[in-house]
Each structure stands twice: as C-alpha cells, then as structure tokens.
Amino acid sequence: MNTPLSNIDTDKISTNALKVVKRLQDKGYQAYLVGGCIRDLLVGKSPKDFDVATDAHPEEVRDLFRNSRIVGKRFRIVHVRFGREIVEVTTFRGPHDEQYDENHSDSGMTLSDNVYGSFEEDVFRRDFAMNAVYYQPQTKEIIDLAKGVNDISAAKIKTIGEPESRLREDPVRMLRAVRFQAKLQFELEDELSNSIASLGYLVQDVSPARLFEEVLKLFMSGNGAAAFDHLMELDLYGWLFPDSRRSMEGNATSALVKLALESTDRRIADDMPVTPAFIYAAMFWYPFVEEKERLQEAGATQVEASHEAANNIISKQQLFTSVPRRFTGPMRDIWFLQFRLPNRFGQKPDILIQHKRFRAAYDFLLLRELAGEKTGDLGAWWTEYQEADDERRSAMKQSSGQKRRRKRNRKKRPRKNPNEGMFWQP
Ligand code: ATP
Ligand code: MG
C-alpha cells in the first residue's frame, strides 16, 4: 500500500500546511497532504496551495485553529488562514447513496456532497488518480491506493473509475481535466477525452457562478492559450460561450481570443497585472459588434446601440458563466473606447489618453489588428502618439484632422423594434 518517498522536495512544502497536519495529528486525528500539491511536488513544480485531508469534521477543525472558518455549501471545507496563505482542510468523504434521489439531478449530477467517509472512501471519491496521492509528512510516506504516481510519471490523466459516470456526477471535472492538461502538459486517456467530447453539454447543468470560477482558473493561471486550444479540441468551448463560439464561423474571434490569452499568459509570466475583463472583451468583441450593427440598422444611434448591444451580449452570457460587475464595467469600457480611438482631432487624443482604461483599449486595438482587422493603421498612430513630444503630437493631430470628413447631418431613422431579428430576446 505504501510507496517509499520518491522525489518530493520537502523544502517546497509550506510550513503552515505542515503545522496544520501536525496539529491535527497531535489531537489524535488522521491528516495528510493530498491533491494538487503532492501531484505538483512529484513533477518538480512548486505548489500554489496546499490541501489537507483529515477524519476530523469541519467544526472540529475550526475549533482547533483560531484563524479558520468553514466555507462552501455543496462541499463544506475549512480555510485555515496564515497571513495571505490559506490551507484548505477537507474532511474524508464517502460515496453517496445512489438511492437518495435528492442528492442527484436527472443527469446523474451530485447536488450535495457532505457525506463523510473513511480514508479509503476519500481516495475513490477524488476526480483523477493523479489527484489522489496522499503524503504523510511526519513519516514521509506516500499512500497511493489509486495508482496515481504511475499516471504522474506517465503524464496521463485518468479518472478514478469509469469516466462517463464520474463526469456525469460532476461535469466540472471536464474543465478540471482541461486545466490540468494545459498546466501540466499531460495527456487525457482516450476514454476520458472521448467521454468529454460527447458529454460537454452537461456543463449547462452547473451553476453560472461555479463555471465562472473554473473559467478564471482555466484562463488566468498562466496557461490560458493551451487551455483554450483544448477546450476547442474537446468541443467544450461552445457550451461555455455559445455566442463567442458561433461568431468563430465568420469572424476573427478565434484569433482574437487566442491572442488575448497569449498576452495574458505572457503578462502572468512577467508578474504583470491581468484581468478577465480583457479576455471576455476579446471573446465577445465580434458578437458585440454584430449586435451593435443590427441595432443601428434598426434605427438606434451609435451610442444607444453600443450600450444596448453590450447589455444584450453580456446578459445572455450571464446565463452560462456569470460575469461579476467588477469585470463587465471594464469590458464595456474596452469596447466603447474602440469607437473613440479613430477620433484624433482637437483635444480628443489628449482626453482619451487620460482615460483609466486607455491602455487596455489600446492593447485591445493592437490585438484586433493582429487578428486581421483593418483599422487604417490606427494602432501605429497611437503607438507613435504616446511616444511623441508636444510638437510632434500637435502635428499628428493636424494631419488626422485634415482627413476628417465633415459630419454628415444624417436624419435619424425611426427606430424599429430593437429586438427584432435577434436570436435571443433579453
Ligand atoms: P490546483 O493545482 O489547482 O490546486 P488541485 O488538484 O489541488 O489543483 P483543488 O481544486 O485544489 O485542485 O482540489 C484539491 C483536490 O480535491 C483535488 O486534487 C482532488 O483530489 C479533489 N477535488 C477537487 N475538485 C474535485 C471534484 N470536482 N471532483 C472530485 N475531486 C475533486
Ligand atoms: Mg489545490
């Protein structure tokens, strides 16, 4: 049952996580490090966080650590906080009684997962064998009942048990598989990838809030471009972002999303700030533009159409993955600024450059151009403008001012029903 310690670099283990394990053991409980941290240590990476599994119940854990609280409904765990670090402590879980219907939706999904169990049961409720390797820091033993160490050394992702039923139980496991595939450059075993390719629609049963959390992990952990490729290969992308997927048929959406993710990955590698607003802006730029044009054709002004199109596109996406307000605001700013960047006469460039989202909008413009959009070298103009001195700046403004066409005094057409012809009615 026990495998002698192979290649775990104990210096990479958080001292706080060790403290938690020790305290639990001193009080007579079982406690192990498990999951991503052990998997990452075995492939030589530094884990980003540590998970502890124990037979102590959440309340018992909470009572042992001053700086702790119970979180989660579907899955009650204890967060033990040490400054900025959080050690997650999970009570061993057992199998669910399949006869109790209230614990399963029609598609076989587990709705509540707070049935405690034994150590052995805890091993087999985990998603992938590579995530079910336990480590006992005191004795330095690895406990590997699911044969996860083999998978880790073969760079393989396998579910514990039969993929289809494990994915039905919790469809988020499909997204987790993709995330690990991208992060670790592991391969999915064939049966797993086939099952994902045919069961993708099940992610629709997952709450939009939980899906948003997973999307963040997929796209904002430094391997977003690879995760995107895998989501496409496995036909999952369209179940998460239907409008974005549809607009890949006739637009440069796919190129734009890939570029935005590559840029985010690079920024993460360079420790620069990143925001999901930028990626969401890229995923829905063309759906937004199409919707805006449709509303303008129906008689809306440019400003009205922009606002309404943004509302329509964003609120529809909220049905699939929620997008918190703190991200939809910046997303709109990035979009709306795209229509202001071409206006380069008078005071406009200097006002625009002061906008708090100018830099993001400018970066976005460059990506649109890289994705193949024709903007009349607008990006190059703005690049030069930002670097130019005052004299050069006023010359640049003049030359773009000369090109300015007189605003046509177009009569506003009467407005038709703005939702007419729309695939989805808000
Ligand atoms: P990361 O590197 O992102 O932290 P992780 O594998 O540690 O990866 P967590 O979300 O921290 O992922 O979960 C910790 C462990 O809990 C996993 O390794 C796995 O054993 C188990 N687990 C998490 N989510 C699920 C799930 N949806 N189904 C089954 N087991 C899960
Ligand atoms: Mg973890």
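For the structure given in this document, a descriptive report is provided here. Because the structure is a prediction, the values reported are computed rather than measured.

Points about the coordination of the magnesium ion (ligand 2)
Part 1 of the reasoning: Within the protein, the atoms that donate to the magnesium ion (ligand 2) are D49 (OD) and D51 (OD), at distances of 2.5 to 2.7 Å.
Part 2 of the reasoning: On the accessibility criterion, D49 (30% relative accessible area) is partly exposed.

Description of the site of ligand 1
Part 1 of the reasoning: For ligand 1, the set of nearby residues contains 17 residues, the closest of which are R39, R126, D170, R173 and R179.
Part 2 of the reasoning: In the environment of ligand 1, an oxygen atom lies 3.0 Å from a nitrogen or oxygen atom belonging to the side chain of R39.
Part 3 of the reasoning: In the model, a nitrogen atom of ligand 1 is placed 3.2 Å from a nitrogen or oxygen of the D127 main chain.
Part 4 of the reasoning: Judged by its atoms lying within 2 Å of the grid points, ligand 1 is housed in the second largest pocket.
Part 5 of the reasoning: When residues of the shell around ligand 1 are traced back to their parent elements, those giving at least two are helix 2 (36-42) and helix 7 (172-184).

Remarks on empty space enclosed by the protein
Part 1 of the reasoning: Tallied over the entire structure, the rule returns 1 cavity of 30 Å³ or more.
Part 2 of the reasoning: If you add up the space inside the largest cavity, you get close to 30 Å³.
Part 3 of the reasoning: Lining the largest cavity are V215, L216, F219, M220, P276, I279 and Y280.
Part 4 of the reasoning: Those elements giving two or more residues to the lining of the largest cavity turn out to be helix 9 (208-219) and helix 14 (276-283).
Part 5 of the reasoning: Considered class by class, the residues forming the lining of the largest cavity number 7 nonpolar, no polar and no charged.

Some details on helix 19 (residues 358-370)
Part 1 of the reasoning: Its 13 residues place the ends of helix 19 18 Å apart at the C-alpha level, agreeing with the 18 Å of an ideal helix rising 1.5 Å per residue.
Part 2 of the reasoning: Those residues of helix 19 that sit buried are F358, A361, Y362, D363, F364, L365, L367 and R368.
Part 3 of the reasoning: Looking at the buried positions of helix 19, the neighbouring elements they touch are helix 13 (253-269), helix 14, helix 15 (285-297), helix 17 (325-340), helix 18 (348-354) and helix 20 (378-387).
Part 4 of the reasoning: In the stretch just after helix 19, G372 is the one whose phi turns positive, near 110°.

Quick look at the layout of surface pockets
Part 1 of the reasoning: Size it by volume and the second largest pocket reaches roughly 1,400 Å³.
Part 2 of the reasoning: With 6 residues, the single largest contributor to the lining of the second largest pocket is helix 7.
Part 3 of the reasoning: Broken down by class, the residue content of the lining of the second largest pocket amounts to 12 nonpolar, 7 polar and 21 charged.

A look at the nonpolar core
Part 1 of the reasoning: Counting 96 residues, the largest nonpolar core has L24, L33, F219 and W335 as the members making the most contacts within it.
Part 2 of the reasoning: Top element by residues in this core is helix 7. It accounts for 8 residues.
Part 3 of the reasoning: With near-sequence residues (within four places) excluded, F219 lies in contact with G224, F228, L231, F241, L261, T264, I279 and M283.
Part 4 of the reasoning: Core analysis: the second largest hydrophobic core is formed by 14 residues, L341, L352, W382 and M396 among them.

Rules behind the numbers
Residues numbered from 1 in each chain as written. Chains lettered and ligands numbered in written order. Predicted model: local features only at pLDDT ≥ 70, side-chain atom pairs only at ≥ 80, totals over all residues. Heavy atoms only, no water. Donors = N, O, S within 2.8 Å, 3.2 Å for Na, K, Ca; no water. Buried < 20%, exposed > 50% of the residue type's maximum accessible area, 1.4 Å probe, protein only. Near = heavy atom within 4 Å. Polar contact = N/O pair within 3.5 Å; in protein donor to acceptor, adjacent residues only side chain to side chain. 1 Å grid on protein atoms, 1.4 Å probe; cavity = no way out; pocket = protein on both sides within 12 Å on 5 of 7 lines; lining within 4 Å. Sits in = over half its atoms within 2 Å of the grid points. Helix = DSSP H or I, 4+ residues; strand = E, 2+ residues; numbered from the N terminus. Points joined across faces, edges and corners; volume = space filled by probe spheres on them. Nonpolar A, V, L, I, M, F, W, Y, C, P; charged D, E, K, R; others polar. Expected span 1.5 Å × (residues − 1). Contact = heavy atoms within 4.5 Å. Core = buried A, V, L, I, M, F, W, Y, C linked by side-chain atoms within 4.5 Å.

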